[in-house]
Amino acid sequence: MRTAVRMVVPGMTNADFWFDPACPFAWITSRWILEVEKVRDIEVTWHIMSLAYLNQDKDISEEYREFLATAWQPVRVLMAAEQKYGKEVLLPLYTAMGTRIHLEKQDKDRAMIEAALEEAGLDTALADAMDDPSYDEAIAASHERGMSQVGNEVGTPTIAFEGRAFFGPVISKAPRGDEAGRLWDACVTLSAYPHFYELKRSRTEPLDFS
């Protein structure tokens, strides 16, 4: 297994982003933070978390449990890819999976996973990992590194930077350009106050993946 080495660039903020490819909210937030990279001095490192692992012992609805039934498979393949190639492959594979899951509404099955691996330029045999629980320990360890900073009552997206971490932002559409940068600035400001925990309102519109 390769170990990723992070290069520290003077003046650059390193942000760590935990995601589960099945989560539509994480997908939209991930597209936002990619925009932030274009307009602010940040560099994102991607990490795996698992909604299936997070909720395995929780009292959840049957509808959500059915949704989670196919959530392990993509995460296992992501971990297999990370272990073979390094963390740098997580974003292209996440993008290939997320485009199919959230934009094209494909099933989280082997055909989708193989197509995503091929698009990302990775060995399609890694799809075998989807039903291999031997990756679950490494997934849990990555998951815990993120959730230990924000608590298990939340989930993904989780972002950490400069010794601080938060769940969110939960957004229904990813802003672009400097609007994305201004939202980042607001997150930085709020997270800098050590006694700030939550700012929330009910969502009144559907998710927009455009």
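The name given to the protein chain in an unreviewed UniProt entry is DsbA family protein, and the organism recorded there is Nocardioides aquiterrae.

Visitor: Describe the overall build of the protein chain, listing the residues and the values that go with them.
Guide: The secondary structure content of the protein chain amounts to eight helices and four strands. The order of helices and strands in the protein chain, counted from the N terminus, is β-α-β-α-α-α-α-α-α-β-β-α. Against the globule reference of 17 Å for 210 residues, the protein chain gives a C-alpha radius of gyration of 17 Å, in line with a compact fold. With the C-alpha coordinates aligned to their principal axes, the bounding extent of the protein chain is approximately 45 × 40 × 30 Å. A total of 210 residues make up the protein chain; the buried ones form 47% of that total. The long-range fraction of contacts in the protein chain, counting pairs at least 24 apart against all pairs at least 6 apart in sequence, stands at 71%. Within the structure as shown, the protein chain displays about 11000 Å² of accessible surface, and the carbon and sulfur contribution to it stands at 51%. In the protein chain, which carries 22 positive and 34 negative side-chain charges, the distance between the mean positions of the two groups comes to 4 Å.

Visitor: I'd like a rundown of the pattern of salt bridges, residues and numbers included.
Guide: Counting across every chain of the model gives 13 salt bridges. Ionic pairing is found between Lys-84 and Asp-123, a salt bridge with its closest N-O pair at 3.2 Å. Of this pair, Lys-84 sits in helix α4 (residues 72-85) while Asp-123 sits in the loop between α6 (110-119) and α7 (136-147); the two residues are 39 residues apart in sequence, bridging distant segments of the chain. Overall, the relative accessible area of 42% leaves Lys-84 in the partly exposed class.

Each value, and the rule that gives it
- Residues numbered from 1 in each chain as written.
- Predicted model: local features only at pLDDT ≥ 70, side-chain atom pairs only at ≥ 80, totals over all residues.
- Heavy atoms only, no water.
- Helix = DSSP H or I, 4+ residues; strand = E, 2+ residues; numbered from the N terminus.
- Rg over C-alpha atoms; globule rule 2.2 N^0.38 Å.
- Buried < 20%, exposed > 50% of the residue type's maximum accessible area, 1.4 Å probe, protein only.
- Contact = heavy atoms within 4.5 Å.
- Areas by Shrake-Rupley, 256 points an atom, 1.4 Å probe, with all protein chains shown as cover.
- Lys, Arg positive; Asp, Glu negative; His and termini not counted.
- Charge placed at Lys NZ, Arg CZ, Asp CG, Glu CD.
- Salt bridge = Lys/Arg side-chain N within 4 Å of Asp/Glu carboxyl O.

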